Amino acid sequence: MGEKIQKMKWDLHSLKWKYSLIWGFSNNSVKLYDDELIEKLRDVYYGDFPASIILLSNFLSNGHCYKRALLLASALLDTDDDIKLVYASINSIKLNPTMKDFSSDHCFVLRTTKDNKQLVYDTSNGLVYDKKIYWKIEKPKVRKVNDKDSIKKFLEENKNNEIVKGDPFIKSITLPMIENTYGNVNEVYSFKGIELLQREVELYKKKINYNKKKTFTKYKKV
């Protein structure tokens, strides 16, 4: 009986999530990352790759919310907006029967703009939500919040740490793996007519002369 109830709760949540997304996209309360953010992400690196590729790739982002939310937050710290990292349990994990053996804890970015608009950036699905709709869908139970100063302090204290050690061969292995995900059901940013992931990969290849020389330069790491 317990498993049936759990499945029913999950099915209801999934249905609510789908309809909320359709409604949200129709009235602009759910959006994709915009070009202003993507441009900022090009200058933030995690190991060998810019955040503009990592965060547009579900393959590289889903399941890594702590690191990816921090990566996105770091790109917004130079704005006048209030930026927070929020740690909370959410319905999409808590109610998912395939994740019953995992923690429901999740991390996302909460941005409050100068005009007091509150936005949630969820790097696990690459979407931007108005806070009200995200809270309605996910019902977060918040356990911890890191404010802008705390994020800056953490990054400063860890600026000399290598998150991923650079290796020129990683590029030749990882880029084809990313390209093989194009068009997959979860790879929203590679869908025909959107193709922002393809754009960022091609810009990066051009920057490092990927198709001409197998020589790579080092970039600042987050």
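Residues numbered from 1 in each chain as written. Predicted model: local features only at pLDDT ≥ 70, side-chain atom pairs only at ≥ 80, totals over all residues. Heavy atoms only, no water.

This part covers the sheet that holds strand β4 (residues 82-89). Overall, antiparallel pairing links the six strands, which are arranged β1-β7-β6-β5-β4-β8 in an open sheet. The open sheet has two free edges, formed respectively by β1 (30-32) and β8 (141-146), since each of these has just one partner strand. Across the sheet, the axes of successive neighbouring strands diverge by a mean angle of 30 degrees, strand direction being ignored. The sheet contact formed by β4 and strand β5 (residues 105-112) spans eight bridges and is antiparallel. When the sheet's bridge partners are listed, K84 is paired in β5 with L110. In this fold helix α5 (residues 65-76) packs onto β4, β5 and β6 (118-122), with an angle of close to 15 degrees to the strand it touches most, β5. (Pairing = 2+ DSSP bridges. Helix = DSSP H or I, 4+ residues; strand = E, 2+ residues; numbered from the N terminus. Axes fitted to C-alpha atoms, helices over the stretch in contact; angles between N-to-C directions. Contact = heavy atoms within 4.5 Å.)

Glancing now at the packing of helix α1 (residues 2-26) against helix α7 (residues 131-138). Close contact between α1 and α7 brings their axes to 10 Å; oriented N to C, the two are set at 165 degrees. Classified by the angle their axes make, α1 and α7 are roughly antiparallel. In this structure, α1 crosses over α7, and the sense of that crossing is right-handed. Judged by residue contacts, H13, K16, W17, S20, L21, W23 and G24 of α1 engage I133, K136, I137 and E138 from α7. Looking at the contact of α1 with α7 residue by residue, the class counts come to five nonpolar, three polar and three charged. (Parallel < 35°, antiparallel > 145°, perpendicular 65-115°, else oblique. Left-handed = near helix turned anticlockwise from the far one by under 90°. Nonpolar A, V, L, I, M, F, W, Y, C, P; charged D, E, K, R; others polar.)

Once that is clear, we can look at the side chain of E187. Tracing the sequence through the fold places E187 in the loop between α9 (168-179) and α10 (196-207). Although E187 lies buried, it forms no salt bridge, and the closest oppositely charged side chain, R68, sits 11 Å away as judged by the N-O distance. Among the polar contacts listed, one links the side chain of E187 to the backbone nitrogen of F59, at a separation of 2.8 Å. Every residue in contact with E187, bar those within four places of it in the chain, is listed here: L56, S57, N58, F59, T181 and L197. (Buried < 20%, exposed > 50% of the residue type's maximum accessible area, 1.4 Å probe, protein only. Lys, Arg positive; Asp, Glu negative; His and termini not counted. Salt bridge = Lys/Arg side-chain N within 4 Å of Asp/Glu carboxyl O. Polar contact = N/O pair within 3.5 Å; in protein donor to acceptor, adjacent residues only side chain to side chain.)

Look at any regular strand and the pattern is simple: side chains alternate between the two faces of the sheet. Here β4 lies mainly inside the structure; six of its eight residues are buried. Alignment of β4 against β8, held across five bridges, turns out to be antiparallel. Bridge assignment links L85 to a residue of β8, and that residue is N146.

The next subject is the packing of α5 against helix α8 (residues 148-157). Two elements in contact, α5 and α8, have axes whose closest approach is 11 Å; the angle formed by their N-to-C orientations is 105 degrees. In this view, α5 runs roughly perpendicular relative to α8, as classed from their interaxial angle. Contacts between α5 and α8 involve L70, A73, S74 and L76 from the former and K148, I151, F154 and L155 from the latter. Looking at the contact of α5 with α8, its residues break down into six nonpolar, one polar and one charged.

Turning our attention to a nonpolar patch on the surface. Side chains of I5, M8 and L12 sit close together on the surface and give an oily, nonpolar patch of about 290 Å² of accessible area. By secondary structure assignment, the location of M8 is in helix α1. (Patch = residues over 30% accessible without salt bridge, like charges linked within 9 Å, V, L, I, M, F, W, Y side chains within 5 Å. Areas by Shrake-Rupley, 256 points an atom, 1.4 Å probe, with all protein chains shown as cover.)

For the rest of this paragraph, the subject is the pattern of salt bridges. Within the structure shown, the criterion is met by 11 salt bridges. Ionic pairing is found between D11 and K7, a salt bridge with its closest N-O pair at 2.9 Å. Placement of both D11 and K7 in helix α1 is noted, with a separation of four residues, approximately one turn of the helix. What emerges from the salt-bridge pattern is a single network uniting D35, R42, R199 and E200.

Note that all results are geometric; they support no functional claim without further evidence.
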